[in-house]
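# A structural walkthrough
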Amino acid sequence: MDAMGLFRPRLYAALDATAVVGATLCRTLSGRRLERLRRVPLESGAVVPSPFEPNVRSAEAVRDALVRLAAELGPTRDVTLVLPDGTARSAILETPAAVNAAEFARFRLSAGLPYPAHEAVVDVMPLGARRVLAVAVRRSVVESYESVAIAAGLPPERVELAPITALEGLRRRVSAATSTVDVILGDAFLSIAAWRDGELRVFRTRRRDAGDSEAARLRLEIARSASLAGDGHGPQVRLAGPGVGALVRELRQLGDKVEPAWQASGEPLSVDAEEIPWLGVGL
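The rules we used
- Residues numbered from 1 in each chain as written.
- Predicted model: local features only at pLDDT ≥ 70, side-chain atom pairs only at ≥ 80, totals over all residues.
- Heavy atoms only, no water.
- 1 Å grid on protein atoms, 1.4 Å probe; cavity = no way out; pocket = protein on both sides within 12 Å on 5 of 7 lines; lining within 4 Å.
- Points joined across faces, edges and corners; volume = space filled by probe spheres on them.
- Helix = DSSP H or I, 4+ residues; strand = E, 2+ residues; numbered from the N terminus.
- Nonpolar A, V, L, I, M, F, W, Y, C, P; charged D, E, K, R; others polar.
- Contact = heavy atoms within 4.5 Å.
- Buried < 20%, exposed > 50% of the residue type's maximum accessible area, 1.4 Å probe, protein only.
- Pairing = 2+ DSSP bridges.
- Axes fitted to C-alpha atoms, helices over the stretch in contact; angles between N-to-C directions.
- Parallel < 35°, antiparallel > 145°, perpendicular 65-115°, else oblique.
- Left-handed = near helix turned anticlockwise from the far one by under 90°.
- Expected span 1.5 Å × (residues − 1).
- Arc of directions from axis to C-beta.

Further remarks concern the layout of surface pockets. Approximately 350 Å³ is the volume attributed to the largest pocket. Among the elements of the structure, β6 (120-128), β7 (131-138), β8 (158-161) and α5 (162-171) are those that each provide at least two residues to the lining of the largest pocket. It is β6 that contributes the most residues to the lining of the largest pocket, 5 residues altogether. For the lining of the largest pocket, the residue count by class is 12 nonpolar, 1 polar and 3 charged. Reported here for the second largest pocket is a volume of approximately 270 Å³. Residue assignment for the lining of the second largest pocket shows that the elements contributing at least two residues are β1 (10-15), β2 (19-28), β4 (78-83), α5 and β9 (180-185). Taken together, the residues of the lining of the second largest pocket break down into 16 nonpolar, 2 polar and 5 charged.

With respect to the secondary-structure elements, K257 resides in the loop between α7 (244-253) and β13 (258-260). Ignoring anything within four residues of it in the chain, the contact list for K257 reads G234, P235, Q236 and V237.

Here the structure, examined in full by the defined rule, presents 2 cavities of 30 Å³ or more. Around the largest cavity, the lining residues are P84, D85, G86, T87, A88, S90, V135, L161, P163, I164, F203 and T205. Of all elements in the fold, only β5 (88-94), α5 and β11 (199-207) reach the threshold of two or more residues within the lining of the largest cavity. A breakdown of the residues in the lining of the largest cavity according to their chemical character gives 7 nonpolar, 4 polar and 1 charged.

For the rest of this paragraph, the subject is α5. Here α5 lies mainly inside the structure; 8 of its 10 residues are buried. Among all positions of α5, only A162, P163, I164, T165, A166, L167, G169 and L170 are buried.

Our focus in this paragraph is the pairing of β11. Here strand β10 (residues 189-196) pairs with β11 via 8 bridges, running antiparallel. Paired with S191 across the strands is T205, a residue of β11. The hairpin turn running from β10 into β11, its antiparallel successor, is 2 residues long, and D197 in that turn takes a positive phi close to 55°.

Moving on to the sheet that holds strand β12 (residues 236-240). Taken together, the 5 strands give an open sheet; going across it, the order is β11-β10-β9-β12-β13, and neighbouring strands pair in mixed fashion. Edge positions in the sheet fall to β11 and β13, since each of these pairs with one other strand and no more. Taken over all neighbouring pairs, the strand axes of this sheet differ in orientation by 20° on average, direction set aside. Its contacts with the sheet place helix α6 (residues 214-228) against β9, β10, β11 and β12, and it is angled at close to 145° to β11.

Our focus in this paragraph is the packing of helix α2 (residues 59-73) against helix α4 (residues 139-151). Helix packing for two helices is described by the angle between their axes and how far apart those axes are. Contact geometry for α2 and α4: axes closest at 8 Å, N-to-C directions at 55°. Considered as vectors, α2 and α4 are oriented oblique to each other. Judged by the twist between their axes, the crossing of α2 over α4 is right-handed. Across the interface between the two elements, A59, V62, R63 and L66 of α2 pack against V148, A149 and A151 of α4. Along the lines of polarity and charge, the residues of the contact of α2 with α4 split into 6 nonpolar, no polar and 1 charged.

So, on to α6. With 15 residues, α6 extends 21 Å from end C-alpha to end C-alpha; this agrees with the ideal 21 Å at 1.5 Å per step. Among the residues making up α6, those that are buried are E214, A215, L218, I222, S225 and A226. For α6, the angular spread of the buried residues around the axis is 100°, confining them to a single face. Seen from the buried face of α6, the exposed residues on the opposite side, beyond 90 degrees, are L220 and L228. Where α6 is buried, its residues meet β9, β10, β11, β12 and α7. In the stretch just after α6, G230 is the one whose phi turns positive, near 100°.

The pairing of strands in a sheet happens through backbone hydrogen bonds and is either parallel or antiparallel. Pairing in this open sheet of 3 strands is antiparallel, and the strands run β5-β7-β6 from one edge to the other. The strands lining the two open edges of the sheet, one partner per strand, are β5 and β6. Pairwise comparison of adjacent strand axes, ignoring direction, gives a mean angle of 20° for this sheet. Pairing geometry for β5 and β7, over 7 bridges, is antiparallel.

Shown next, in the form of structure tokens:
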């Protein structure tokens, strides 16, 4: 085992419709520590999140943004590429006994995919017992992001999805005594996770409409998700992602119990931690 490698900084490089965001996280004896955080804007249309079409529409613009990001954060050999919300199909499944979870997920998700099943990259996130959150991403979608990262000198060791990475941080902060609904905001899509008794009961993805009535629409989606999870009576609500500050204020004015999913302590960062939906994995 490379003991020194365990403690090398890892760069999380995330792409979405409006920007690339990077964070360097260091593993410590007590977990992970956030070291640096940067955001580089993208020109409109350079990245268009979609579950079935190549998302990178202007490879040169995205490559240049990643090069700038890497220059600002410093060199690292360990890169995790984070794909935006809206690129995957997902479902919470209960795997039959003695059945491989990934194979079962591929079987169940295949029927609803808008492309041939053999083109899907399928993974599962264990939820406890035999329950998993299954996700499928089209291989060509993944490759469109990988190729531009390689061109920028950031060959990814791992590829992850923003909402799934967010869930890793969120579930560490879930209380079994409280019903919780988490809203994971991306630029073009959002995901809603509803927890009850410490378990993920509902996970839904929707296209985001960040207009004047977004808070009111979001309030209905939160109520529906809480009801589907078995508790529609005033759950705790947490938000993370771009625009979270204004949404928290508006939802509080409507009388809801809502807060940012996380905030960074210590020295001020160049980007508000609450604006990065997946950042809780390192806080």
